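# Observations on the model geometry
Here is how the chains run, residue by residue.
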Amino acid sequence: MHLSHTVTAAAFWLGTLLPLVYLPVIVAGIDSLIRLSLFVGLVSIHALALVVGHDYSGSRSR
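Just so you know, these numbers come straight off a predicted model, no measurement behind them.

As for its position among the elements, Thr 8 is in helix α1 (residues 3-17). Look at Thr 8 and you get buried, because its relative accessible area is 16%. With residues near it in sequence (within four places) discarded, Thr 8 still touches Val 52, Gly 53, Asp 55 and Tyr 56.

So, about the UniProt feature "transmembrane region" (unreviewed entry) in the protein. With numbering matched to this structure, UniProt assigns "transmembrane region" (unreviewed entry) to residues 7-27 and 33-52. A distance of 30 Å separates the end C-alpha atoms of residues 7-27, which is 95% helix and 0% strand.

Turning next to the pattern of salt bridges. On inspection of all chains with the given rule, the structure shows 1 salt bridge. For Arg 35, the salt bridge identified is with Asp 31, shortest N-O distance 3.5 Å. Here Arg 35 falls in the partly exposed class, since its relative accessible area comes to 32%. Among the residues examined, Asp 31 registers a relative accessible area of 62% and is labelled exposed.

Scanning the model with the defined rule gives 3 aromatic pairs in all. Aromatic pair Phe 12 and Tyr 56: ring centres 4.9 Å apart, planes at 35°, arrangement tilted. Here the residue Phe 12 occupies a position in helix α1, and Tyr 56 occupies one in the segment after α3 (33-52), the gap between them amounting to 44 residues. Per residue, the accessibility class of Phe 12 equals that of Tyr 56, and both read buried. On the basis of an interplanar angle of 85° and a centroid distance of 5.9 Å, the ring pair of Tyr 22 and Phe 39 is categorised as edge-to-face. Note that Tyr 22 is positioned in helix α2 (residues 19-28) and Phe 39 in helix α3, a separation of 17 residues in sequence. Residue Tyr 22 is classed as buried on the basis of its relative accessible area, which comes to 15%. Following the ring pairs from residue to residue traces out a cluster consisting of Phe 12, Trp 13 and Tyr 56.

About the criteria used
Residues numbered from 1 in each chain as written. Predicted model: local features only at pLDDT ≥ 70, side-chain atom pairs only at ≥ 80, totals over all residues. Heavy atoms only, no water. Helix = DSSP H or I, 4+ residues; strand = E, 2+ residues; numbered from the N terminus. Buried < 20%, exposed > 50% of the residue type's maximum accessible area, 1.4 Å probe, protein only. Contact = heavy atoms within 4.5 Å. UniProt positions renumbered as here; feature names shortened; annotations may be inferred. Salt bridge = Lys/Arg side-chain N within 4 Å of Asp/Glu carboxyl O. Phe/Tyr/Trp six-rings, centres within 6.5 Å; stacked < 30°, edge-to-face > 60°.

Structural data, given as structure tokens:
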């Protein structure tokens, strides 16, 4: 397994599971600059993970 495949797989799964992490931030409310920064940071990481993990071959049925 190559390093690029490992990074792509990790990014795919991060992009898949990250909404479970930032959902509680939304439920608790974005009422401060710290929570807003946290939310924007998590969404940015999520977008990056989706782009990097887009070509993960384990996500496609054969």
